[in-house]
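Topology and contacts: notes
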Amino acid sequence: MFVSFFPRPRLFFASFILWSLFCILLWYGLAKGLGPSLSLGDFFGFGYPEALGPEAEAARAAAAEAASSATEFWFYQYFVAVIGIFVGGWMWFSPHTWARWSVAGSALILFVNWFLVQLDVMINEWFGTFYDMVQLALGSPGEVEASEFYWQIAAFLRIALVYVFFGTLFRFFVSHFIFRWRTAMNAYYMAQWQKLRHIEGAAQRVQEDTMRFASITESLGISLVDSLMTLIAFLPLLWGLSAHVTELPIIGEVSQGLVFVAILWSVLGTALVAVAGLRLPGLEFRNQRVEAAYRKELVYGEDHADRADPPTVRELFDNVRRNYFRLYLNYMYFNLVRIFYLQIGNLVPYIALGPSIVGGAITLGVMQQIIRAFSRVEGSFQYLVNSWTTIVELMSIYKRLKAFEATLRGEPLPDIDRHYMEREQAGVTPEDQPAA
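Calculation criteria
Residues numbered from 1 in each chain as written. Predicted model: local features only at pLDDT ≥ 70, side-chain atom pairs only at ≥ 80, totals over all residues. Heavy atoms only, no water. UniProt positions renumbered as here; feature names shortened; annotations may be inferred. Helix = DSSP H or I, 4+ residues; strand = E, 2+ residues; numbered from the N terminus. Contact = heavy atoms within 4.5 Å. Areas by Shrake-Rupley, 256 points an atom, 1.4 Å probe, with all protein chains shown as cover. pLDDT = per-residue confidence, 0-100. Salt bridge = Lys/Arg side-chain N within 4 Å of Asp/Glu carboxyl O. Core = buried A, V, L, I, M, F, W, Y, C linked by side-chain atoms within 4.5 Å. Buried < 20%, exposed > 50% of the residue type's maximum accessible area, 1.4 Å probe, protein only. Axes fitted to C-alpha atoms, helices over the stretch in contact; angles between N-to-C directions. Parallel < 35°, antiparallel > 145°, perpendicular 65-115°, else oblique. Left-handed = near helix turned anticlockwise from the far one by under 90°. Nonpolar A, V, L, I, M, F, W, Y, C, P; charged D, E, K, R; others polar. Phe/Tyr/Trp six-rings, centres within 6.5 Å; stacked < 30°, edge-to-face > 60°. Patch = residues over 30% accessible without salt bridge, like charges linked within 9 Å, V, L, I, M, F, W, Y side chains within 5 Å. Lys, Arg positive; Asp, Glu negative; His and termini not counted. Expected span 1.5 Å × (residues − 1). Arc of directions from axis to C-beta.

- Per an unreviewed UniProt entry, the protein carries the name Peptide antibiotic transporter SbmA and comes from Chelativorans salis.
- Listed in UniProt under the heading Subcellular location (unreviewed entry), the comment for the protein reads: "Cell membrane".

Written as structure tokens, this is what we have:
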């Protein structure tokens, strides 16, 4: 699944994590301060402003904004440089047929995802400005000019249109990236087909399981990267906005309380959903087994009159029915826990902001910024909650493909695969067996 597409997968992903941590520490420890000396921002209108004297108070806000833009532009240069070093290093260290897609493509996905998250941060800032203006306009008629109102709408459109444009191209590229991964898996398995063809459901695993693995990895992988990037961008933002909220219900006065509320609520939800969905991976894995056994018997029945007789088909379909009924029952209480938690979660930021809203300690714009940032941080921490059913499906596919690959490594097949293979070689009709 991985060695077909990535060079030395274990080392590759481990080195990526270590390199990322090193680059983050390097940025905050040293590289961030080197912007005035190394940044190319002067050539693109993002240069660092000159230091202001004590008499230039009026220009300090503009200088601070210019310095922030220059630092952000310098960060993108740093980001491109460290990604380039990582990609170039792996291209040299471990050449691979699919390296341009797996290594360079992954780097591009990471970079563009960060850019899109930064656009989301800009939209969050716009919410604060816009709703403060709406509050002023509603409370003091005539204070806000119509041109100011429409200019703010135009500002949102500029950010949103850029987001939509690059977001659409990003999804297009990711779809191609994932299909290349499926192509690599398909080529890898077909090159070993003579060793694999006798395993139960070999054709299904090469065609359907690789297709489902690729499509699920696309949705889960991008969601995971987006969650991590969103957390990195919005957690400091929520930390700063929490300064406006000095009191929480029941608890009373507390510093940076919103951040801890988001983390604790997300951890609680993840634990609840994980417990409620504990049996689902095994049931999904078993479901693929009984469906494969039923389908295979029907296929044999097309060419052999002595196969797919009514008693055998009835027994195999009964196995399918029993497993689906168990799945329905488990998904029922899993969904009850998950949906109740998510619906209550919609009210959590409003409850946490209750004392500040009632006391008039924040404006409408700040409230919108806080709720939106809170939702982003909470959603990032709730990655498992929101993706659990998809993760369950991916785990079952992974189990099937891992068992499939055991033959190539000379490892013994899992009990259920070995049993199917022995019965098939003996010419016995497959039956339902306990999940491995």
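1. A closer look at the overall build of the protein
- Helix and strand counts for the protein come out as 15 helices and two strands.
- Across the protein, every contact between residues at least 6 apart in sequence was considered, and the portion connecting residues at least 24 apart equals 77%.
- Accessible area of the protein: about 23,700 Å², with a carbon and sulfur share of 66%.

2. Topic: the confidence of the model for the protein
- Of the residues in the protein, 89% reach a pLDDT of 70 or more, and the chain-wide mean stands at 81.
- Confidence, read as mean pLDDT per element, is least for helix H15 (residues 415-425) in the protein (52) and greatest for helix H1 (residues 9-29) (90).
- Segment residues 428-436 is flagged for pLDDT under 50; beyond a separation of four residues in sequence, or across chains, it makes 32 contacts in the model.

3. Remarks on the pattern of salt bridges
- In the structure shown here, the tally under the stated rule is three salt bridges.
- Here Asp120 and Arg376 are joined by a salt bridge, their closest N and O atoms 2.7 Å apart. With Asp120 in helix H4 (residues 99-139) and Arg376 in helix H13 (residues 364-381), this pair connects stretches of sequence that are 256 residues apart.
- Where salt bridges share partners, they join Asp120, Arg372 and Arg376 into one cluster.

4. Notes on the nonpolar core
- Grouped together as the largest cluster of nonpolar side chains are 91 residues, with contacts concentrated most on Trp181, Phe213, Leu238, Leu258 and Leu353.
- Ranked by residues supplied to this core, first place goes to H4 with 17 residues.
- If near-sequence neighbours (up to four positions away) are discounted, Trp181 is found in contact with Met1, Phe2, Phe5, Phe6, Phe213 and Thr217.
- If you look at the next biggest cluster of nonpolar residues, it comprises six residues, including Val290, Ala293, Val313 and Leu316.

5. Quick look at the UniProt feature "transmembrane region" (unreviewed entry) in the protein
- Summarizing the sequence annotation, UniProt attributes the feature "transmembrane region" (unreviewed entry) to residues 75-93, 98-117, 149-174, 220-239, 259-280, 324-341 and 347-367 in the numbering used throughout.
- With 100% helix and 0% strand, residues 75-93 has end C-alpha atoms that lie 27 Å from one another.
- Segment residues 324-341 splits into 100% helix and 0% strand. End C-alpha atoms: 25 Å apart.

6. Concerning the side chain of Asn330
- Tracing the backbone through its elements, the reader meets Asn330 in helix H10 (residues 310-345).
- Discounting residues that sit within four places of it in the chain, Asn330 has contacts with Arg279, Leu280 and Leu283.

7. Let's talk about the environment of Leu40
- Summarising the element assignment, Leu40 is placed in the loop between helix H2 (35-38) and helix H3 (60-93).
- For the pair formed by Leu40 and Phe73, sequence separation is 33 residues and the distance between their alpha carbons is 8.5 Å.

8. Topic: the packing of H4 against H13
- Following both chains from N to C, one finds H4 and H13 inclined at 155 degrees, their axes separated by 6 Å at the closest point. With respect to each other, H4 and H13 are oriented roughly antiparallel. Here the hand of the crossing between H4 and H13 comes out right-handed. For the pair H4 and H13, contact is made by Asp120, Ile123, Asn124, Glu125, Phe127, Gly128, Tyr131, Asp132 and Gln135 and by Leu364, Gly365, Val366, Gln368, Gln369, Arg372, Ala373 and Arg376, respectively.
- Residues of the contact of H4 with H13, tallied by class, amount to six nonpolar, six polar and five charged.

9. Focus: the packing of aromatic side chains
- Inspection of the entire model under this criterion finds 43 aromatic pairs.
- Each ring, one from Phe2 and one from Phe13, has its centre 6.3 Å from the other, and the planes form 90 degrees; the classification is edge-to-face. Of this pair, Phe2 sits in the segment before H1 while Phe13 sits in helix H1; the two residues are eleven residues apart in sequence, bridging distant segments of the chain.
- For the ring pair Trp126 and Phe156, a centre distance of 4.8 Å and an interplane angle of 45 degrees mean the geometry is tilted. Here Phe156 lies in helix H5 (residues 146-191) and Trp126 lies in helix H4, a separation of 30 residues in the sequence.
- On the basis of relative accessibility, which here comes to 12%, the residue Trp126 falls in the buried class.

10. Comments concerning a nonpolar patch on the surface
- Nonpolar side chains collect at one region of the surface, where Leu329, Met332, Tyr333, Leu336, Phe340 and Ile344 lie side by side and expose about 610 Å² of accessible area between them.
- Locating Phe340 in the fold gives a position in helix H10.

11. Describing the side chain of Arg338
- Within the secondary structure layout, Arg338 lies in helix H10.
- Among buried charged residues, Arg338 stands out as having no salt bridge; its nearest opposite-charge side chain is Glu378, 13 Å away.
- Every residue in contact with Arg338, bar those within four places of it in the chain, is listed here: Val273, Val385 and Asn386.

12. Concerning H1
- The end-to-end C-alpha distance of H1, which contains 21 residues, comes to 30 Å, matching closely the 30 Å that a straight helix rising 1.5 Å per residue would cover.
- Inspection of H1 places Pro9, Phe12, Ser15, Cys23 and Trp27 among the buried residues, and these make up the whole buried set. One side of H1 carries all its buried residues, which in axial view fall inside an arc of 115 degrees. Exposed residues pointing more than 90 degrees away from the buried face of H1 are listed as Arg10, Ile17, Leu18, Leu25, Tyr28 and Gly29.

13. Details of the packing of H4 against H5
- Taken N-terminus to C-terminus, the directions of H4 and H5 make an angle of 160 degrees; their axes are 10 Å apart at the nearest point. Between H4 and H5, the crossing angle belongs to the class labelled roughly antiparallel. The element H4 and its partner H5 pack so that their crossing is left-handed.
- Across the contact of H4 with H5, the residue classes tally to 24 nonpolar, eight polar and two charged.

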